[in-house]
Amino acid sequence: MTKWRNEPMLPNHVQLCQRVFDSARAARNIAPDSDANDPVAALVLTLYRHGVRDEEELLARVLQALDEKS
């Protein structure tokens, strides 16, 4: 992983992160009102800010991290 990037997120970046967040929630059956949403969002944004910009790779890493925390 690369160093943290503190760059503005453009609309297409936000959309990518939203898709990954939604896919991760669906894959792990996390309800929209669950307290588990915050850690998922944090994982998505942290990995994205560290340079994981490919949607499939980002989702795979998020899911892997969620599995490790279980």
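Refer to the preceding data block for the structure.
Predicted, not measured: the structure shown is a model, and the values here were computed from it. (Residues numbered from 1 in each chain as written. Predicted model: local features only at pLDDT ≥ 70, side-chain atom pairs only at ≥ 80, totals over all residues. Heavy atoms only, no water.)

**Some words on empty space enclosed by the protein**
Working step 1: Evaluated as defined, the whole model comprises 1 cavity of 30 Å³ or more.
Working step 2: Volume-wise, the largest cavity comes out at about 30 Å³.
Working step 3: Looking at the largest cavity, the residues that line it are E7, P8, M9, H13, Y48, R49 and R53.
Working step 4: Residue classes in the lining of the largest cavity are distributed as 3 nonpolar, 1 polar and 3 charged. (1 Å grid on protein atoms, 1.4 Å probe; cavity = no way out; pocket = protein on both sides within 12 Å on 5 of 7 lines; lining within 4 Å. Points joined across faces, edges and corners; volume = space filled by probe spheres on them. Nonpolar A, V, L, I, M, F, W, Y, C, P; charged D, E, K, R; others polar.)

**Structural notes on helix α3 (residues 55–69)**
Working step 1: Spanning 15 residues, α3 covers 21 Å between terminal C-alpha atoms, matching the ideal 21 Å at 1.5 Å per step.
Working step 2: Those residues of α3 lying buried are L58, V62, L63, A65 and L66. Along α3, the residues classed as buried sweep out an arc of 160° about the axis, all on the same side. Those residues of α3 that are exposed and aimed more than 90 degrees away from the buried face are E56 and E68.
Working step 3: Those residues of α3 hidden inside the fold are in contact with α1 (11–27) and α2 (37–49). (Helix = DSSP H or I, 4+ residues; strand = E, 2+ residues; numbered from the N terminus. Expected span 1.5 Å × (residues − 1). Buried < 20%, exposed > 50% of the residue type's maximum accessible area, 1.4 Å probe, protein only. Arc of directions from axis to C-beta. Contact = heavy atoms within 4.5 Å.)

**A short note on the packing of α2 against α3**
Working step 1: Close contact between α2 and α3 brings their axes to 10 Å; oriented N to C, the two are set at 130°. The orientation of α2 with respect to α3, classified from their angle, is oblique. When you trace α2 past α3, the crossing you get is right-handed. Where α2 approaches α3, its residues V40, L43, V44, L47 and Y48 are matched on the opposing element by L58, R61, V62, A65 and L66.
Working step 2: For the contact of α2 with α3, the residue count by class is 9 nonpolar, no polar and 1 charged. (Axes fitted to C-alpha atoms, helices over the stretch in contact; angles between N-to-C directions. Parallel < 35°, antiparallel > 145°, perpendicular 65-115°, else oblique. Left-handed = near helix turned anticlockwise from the far one by under 90°.)

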